[in-house]
Amino acid sequence: MNVYLDSSFVIRQLLGVRPECPFWGKWEKAYASTLMRAECFRAANLLRLSGKIDDAQRARLGAWIEKVVSTVTQVPVTDAILRRAAETFPVAVGTLQGIHLASLLELQSAHGITCSIATDDPQLLQAATALGFAEATAEQAAPAAEPEK
C-alpha cells in the first residue's frame, strides 16, 4: 500500500495518543507534503509551550519527527499544487487541507501514484474520501494470506 501521511496522524502516532497503528512503517511507500515537517514541529512546539510536554519530551519528539520526515517521499508544494488547492473541493476544507488534497491529486494525475490517506483530521478524510481516496487501514497493509496446501 502507498500511503500519504498527514501531520495529524504522524504527531499523534509519535506521541502515542492514538490507538497503535498496526500498519505504521509497513507500507510499500509513504508520501507527505513538504509541509509535514513544519506542521509537526509547530504542533510539538505548541505542546511544549502549553505545558503538555516538557523540554526533554519535546527534544525526543523532534528527533522522531526528523526520522519520519527522512523516511518518506516529500511532495513539494509547487505552483500547480497551490493552484489546485485554491479550487473547489467536494466538501469545505481549510488552506492546509486543500494543499494536502491537491498533493494527493498531483501524485495521482502527474505520477500515476494512488495513495491511501493516513489522517486523524475528519474533515480532510471526508474530502479525500469524496475524491475517491481510501483511508489507510491495517487491512490494506496486511500481507496476502498464504495459500493453503
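The following paragraphs examine the structure supplied in this document. (Residues numbered from 1 in each chain as written. Predicted model: local features only at pLDDT ≥ 70, side-chain atom pairs only at ≥ 80, totals over all residues. Heavy atoms only, no water.)

With that out of the way, let us pick up the environment of Gly51. Checked against the element boundaries, Gly51 lands in the loop between helix 2 (35-49) and helix 3 (55-71). Between the C-alpha atom of Gly51 and that of Leu107, which follows or precedes it by 56 residues, the distance is 38 Å. (Helix = DSSP H or I, 4+ residues; strand = E, 2+ residues; numbered from the N terminus.)

Within the structure shown, the criterion is met by three salt bridges. Salt-bridge contacts for Glu66 lead to Arg37; the nearest nitrogen and oxygen are separated by 2.4 Å. With Glu66 in helix 3 and Arg37 in helix 2, this residue pair connects regions lying 29 residues apart in the sequence. Taking relative accessible area as the criterion, Arg37 reaches 38% and is therefore assigned partly exposed. (Salt bridge = Lys/Arg side-chain N within 4 Å of Asp/Glu carboxyl O. Buried < 20%, exposed > 50% of the residue type's maximum accessible area, 1.4 Å probe, protein only.)

A separate point is the sheet that holds strand 2 (residues 29-33). Strands sit in the order 3-2-1-4 across an open sheet of four strands; the sheet is parallel. Since the sheet does not close on itself, it has two edges, and those belong to strand 3 (73-75) and strand 4 (116-118), each with one partner. Strand-to-strand twist across the sheet, computed as the mean angle between neighbouring axes with direction ignored, equals 30 degrees. (Pairing = 2+ DSSP bridges. Axes fitted to C-alpha atoms, helices over the stretch in contact; angles between N-to-C directions.)

Of the two faces of strand 1 (residues 2-5), the one lined by Asn2 and Tyr4 and the one lined by Val3 and Leu5 are each fully buried. Pairing between strand 1 and strand 2: three bridges, direction parallel. Looking across to strand 2, one finds that Tyr4 is bridged to Tyr31. Between the parallel elements strand 1 and strand 2, the chain passes through helix 1 (residues 7-15) in a crossover that is right-handed. (Right-handed = clockwise from strand over helix to strand, strands pointing away.)

On to the environment of Leu15. By the secondary structure assignment, Leu15 is in helix 1. Along the backbone, Leu15 and Ala44 are 29 residues apart, and their C-alpha atoms lie at a distance of 9.6 Å.

With that settled, consider the nonpolar core. Among the nonpolar cores identified, the biggest contains 24 residues, and Leu5, Phe23, Met36 and Ile65 are the most heavily contacted of them. Elements represented by at least two residues in this core include exactly strand 1, helix 1, strand 2, helix 2 and helix 3. Here Met36 is in contact with Leu5, Ser7, Val10, Val68, Val69 and Val72, once residues within four sequence places are set aside. Among the nonpolar cores identified, the runner-up in size contains 20 residues, and Leu104, Leu105, Cys115 and Phe133 belong to it. (Core = buried A, V, L, I, M, F, W, Y, C linked by side-chain atoms within 4.5 Å. Contact = heavy atoms within 4.5 Å.)

Another point: the packing of aromatic side chains. Evaluated as defined, the whole model comprises four aromatic pairs. When the centroid spacing of 5.9 Å and the interplanar angle of 35 degrees are considered together, the rings of Phe9 and Trp24 count as tilted. Taken as a pair, Phe9 in helix 1 and Trp24 in the loop between helix 1 and strand 2 lie far apart in primary sequence, 15 residues in all. Using a relative accessible area of 2% as the deciding quantity, one classes Phe9 as buried. With centroids separated by 5.4 Å and ring planes inclined at 85 degrees, the aromatic side chains of Trp24 and Trp27 adopt a geometry described as edge-to-face. Overall, the relative accessible area of 25% leaves Trp24 in the partly exposed class. A residue is classified by how much of its surface remains accessible, and Trp27, at 16% relative accessible area, is buried. Members of the aromatic cluster, connected to one another through ring pairs, are Phe9, Phe23, Trp24 and Trp27. (Phe/Tyr/Trp six-rings, centres within 6.5 Å; stacked < 30°, edge-to-face > 60°.)

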